[in-house]
Amino acid sequence: MAYKLKGNKGFTLLEVMLVVLIIGIVTSFAVYSMAPIGPGRQAKSEAQGLMAAIDYAQQHAILSHQPYGLVIDNRGYKFFVYEGLEQGQWQATQNPGLKQIETLSQIKLILPTPNLDGSPSIVLLPSKEPQVYTIEVNLDGYGWQLRSMPPQPLTLIAVAHE
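Residues numbered from 1 in each chain as written. Predicted model: local features only at pLDDT ≥ 70, side-chain atom pairs only at ≥ 80, totals over all residues. Heavy atoms only, no water.

A. Examining a nonpolar patch on the surface more closely. Among the surface-exposed residues, L18, L21, I22, I25, V26 and F29 lie close enough to one another that they form a single nonpolar patch of about 610 Å² accessible area. Its place among the elements puts L18 in helix α1 (residues 13-34). The partly exposed category is assigned to L18, whose relative accessible area is 49%. (Patch = residues over 30% accessible without salt bridge, like charges linked within 9 Å, V, L, I, M, F, W, Y side chains within 5 Å. Areas by Shrake-Rupley, 256 points an atom, 1.4 Å probe, with all protein chains shown as cover. Salt bridge = Lys/Arg side-chain N within 4 Å of Asp/Glu carboxyl O. Helix = DSSP H or I, 4+ residues; strand = E, 2+ residues; numbered from the N terminus. Buried < 20%, exposed > 50% of the residue type's maximum accessible area, 1.4 Å probe, protein only.)

Put into structure tokens, the structure is as follows:
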């Protein structure tokens, strides 16, 4: 007796399992990306943003041959540029990448002490001379510190949860 094989009418178990696995993986990524950001992740994200902004300002200081300064207050931070010997004063930078940032986290300059006159306490020189500073970013007890301790690079360190 000869059996005639007709065309397959359906999927194999392996094919169905593979499709279910792929759908599960895609769904898990979607759920994770839509999860609300907690205070710990928010504080870390804002600390990383500040760290990137400092690096960006340092690069601009080198390229433009002008010192850039950073002023920090509880609401956020702002970059300034020193306008040469003619004007001899700090001006808010017009660079859109260094605009004033307001954060949900509290930002505190620990070292050096903030200048009372509103001038930058952290100065990023075109010569890239290192400066020692510590900045703390805190939101609902979750804290991160940015530390510049030459000769080590700028580092981000978690602070113990209160």
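Now, onward.
B. Molecular detail of unusual backbone geometry. In this structure, P112 follows L111 across a cis peptide bond, with omega equal to -5°. Here P112 shows up in the loop between β5 (106-111) and β6 (122-124). Of the consecutive residues P150 and P151, the connecting peptide bond is found in the cis state with omega at 10°. Not every positive phi belongs to a glycine, and H65 is a case in point at roughly 60°. Classification of H65 by relative accessible area gives exposed; the value is 64%. Phi is positive for D140, which is not a glycine, with a value near 50°. Along the polypeptide, D140 turns up in the loop between β7 (133-139) and β8 (142-148). On the basis of relative accessibility, which here comes to 61%, the residue D140 falls in the exposed class.

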